[in-house]
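# Inside the fold
Each chain is listed here by its residues.
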Amino acid sequence: MDQTGKKIRILLSKSVQDGHESALRYIAQTLRDAGMEVIYMRHEMIEDVVKTAAEEDVDVIGLQYFGAGVMYEVPIALDLLKQKKMEDIKVVLGGTITPDEKKTLKEMGVAEVFLPSQGKVIEIPAVIRNILDGKQ
Amino acid sequence: MQSSPADLVKEALEGSIRAVARLISMVENSHPQAESALTALYPHIGRAVVIGISGPLGSGKSTLVDKLAVEYCKQGKTVGIIAVDPSSPFTGGAFLGDRYRMNRAACEQNIFIRSLGARGQMGGLSRAVSDVIKILDAFGKDVILVETLGTGQDEVDIKNVADTTVIVQAPGLGDYIQTLKAGMMEIGDIYVVNKAESIEADNLHANIQSAIDMGNQRGSWIPPVLKTIATRGDGISDCLRTIDEHIQHLKNEGFYAQRQSERVRLEVIKMIKDKLSQTVDTIIIRNGAFDEAVRQIIEKKVEPYSYVTKVIGSILNPSLTEGK
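Given the structure is predicted, the values throughout are model-derived calculations rather than measurements. (Residues numbered from 1 in each chain as written. Chains lettered and ligands numbered in written order. Predicted model: local features only at pLDDT ≥ 70, side-chain atom pairs only at ≥ 80, totals over all residues.)

## What to know about the nonpolar core
Residues Val-38 and Leu-93 of chain A together with Leu-145 and Val-146 of chain B are the most contacted members of the largest nonpolar core, which totals 108 residues. The residue makeup of this core includes at least three contributed by each of domain 1 (1-42) and domain 2 (45-256) of chain B. Beyond its immediate stretch of four places on either side in the chain, Val-146 of chain B contacts Val-50, Gly-52, Ile-53, Ile-82, Val-129, Ile-133, Ile-158, Val-161 and Ala-162 of chain B. (Core = buried A, V, L, I, M, F, W, Y, C linked by C-beta atoms within 7 Å. Buried ≥ 20, exposed ≤ 12 C-beta atoms within 10 Å, placed from the backbone. Domains from an automatic or database assignment. Contact = placed C-beta atoms within 7 Å.)

Encoded structure:
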């Protein structure tokens, strides 16, 4: 297979304070198996994620929230991306986020929020490709 | 991409992290203007010291690289890290998890980390790595650490891109037989036994040392065998000092110039091979006549060797086959 063309690069992270990791690993593996390059990290400060996204020239940032913090961290991330002229990077979220929070987050500019009951992990790569193709 | 390659080069030279990252992506993705960007950067390269860190899975390379980077930072140096991980030969995807270990809180601004998938190179280094090194060099990094799983093949090999190659081993990955095998155990300028807190570490250290003592020396540098506990930071400053000694050795004995000449030679060969490979792809394989030739070969109307000779002839002398 031709491996020298463009690949989708996605940065996955969760806060070091969030104890749940198996979900994120499962998603990482699914995205890898779908042909994407997954950069995997954890962050102490949400700013770390934005800096890493710049260095790694990612197309998408995926953040997991199984604890508190989504309504605190995500607006900071979106704001930083805007300041640094990195708004072309799409942000997607997953975890224990409520439908109300999802609505607010999407209004703020988050591209998609994967709620627990919403669908299967195996569908996520296609959703991401659609987002990047501008169909969503 | 909004900025043109020329803009990106300008912004990178002015210190923009995003521009550097974009240039790296261009090179990785074989962007049509990657070459002109690299040509524009070429006058600015040549300052950086390149250190290759290779070794088996789980030996602790990422942790070691992280600690070395922070140590260089404390010395006032700026650091670039290139972490290469395998790409799936089936899906093309990759899990780039090396930076999970790297925590440079103290040195944020001075350390740039980029993860690369090996993208088709089973030996562990992507073909783009030497170009990515040039970009980080031009960006002003004093030290560039390249971390990779394998050692590579021929022109795409860690020892051909690095000034100093450090091989990191850890106890429990095999017995003394492993230390005698060709390849990884021949190319190290420095050997590190990491996870030295383990009881078996001394044994491994002794085995590597004896393999070196009994081996044929290639030149006047005898590879030292160091011990580290990277997670604790033990042995890191010794490691750094030994790397510096090796670099000094290269510069003193004139080997630096010799290695550079060898490196450039291999790199140009690689570039020629890559270009030819692209030509084969675009001109031959995607050409309907090729499919017909394959059919004829299967039906034994044509045998493959003379077909190949004819095709190569037509690449080298296109005018002879006009109107064909």
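Back to the write-up after that little detour.
## Some points on the domain arrangement of chain B
The parts lose accessible area when they come together, and the size of an interface is often stated as this lost area. Residue and element names in this part refer to chain B. Per the domain assignment, the segments of chain B are domain 1 (1-42), domain 2 (45-256) and domain 3 (269-321). Facing 12 residues of domain 1, the contacting portion of domain 2 comprises 11 residues. Those elements that place two or more of their residues in the side of domain 1 that touches domain 2 are α1 (5-14), α2 (17-28) and α3 (34-41). The dominant element in the side of domain 1 that touches domain 2, judged by the number of residues it contributes, is α2, at seven residues. Here the side of domain 1 that touches domain 2 is built from residues that sort into 11 nonpolar, no polar and one charged. (Helix = DSSP H or I, 4+ residues; strand = E, 2+ residues; numbered from the N terminus. Nonpolar A, V, L, I, M, F, W, Y, C, P; charged D, E, K, R; others polar.)

## Remarks on the pairing of strand β8 (residues 164-169) of chain B
Residues and elements named next belong to chain B. Within β8, six of the six residues are buried, which leaves the element mostly enclosed by the surrounding structure. Alternating positions in β8 separate into two faces, Thr-164, Val-166 and Val-168 on one and Thr-165, Ile-167 and Gln-169 on the other, with burial throughout. Sheet analysis places strand β1 (residues 49-54) next to β8, joined by four bridges and oriented parallel. Of the residues in β8, the one forming a bridge with Gly-52 is Thr-165. In this structure, β8 lies alongside strand β9 (residues 190-193), joined through four bridges in parallel fashion. Each residue of the ladder has a partner; that of Val-166, found in β9, is Ile-190. (Pairing = 2+ DSSP bridges.)

## Here we look at the environment of Leu-11 of chain A
All names here are of chain A. Along the polypeptide, Leu-11 turns up in strand β1 (residues 9-14). In the structure, Leu-11 is positioned 48 residues away from Asp-59 in sequence and 8.2 Å away in space, judged by C-alpha atoms. Leu-11 has contacts with Ile-39, Met-41, Val-49, Thr-52, Ala-53, Glu-56, Val-58, Ile-61 and Gly-62, leaving out every residue within four places of it along the chain.

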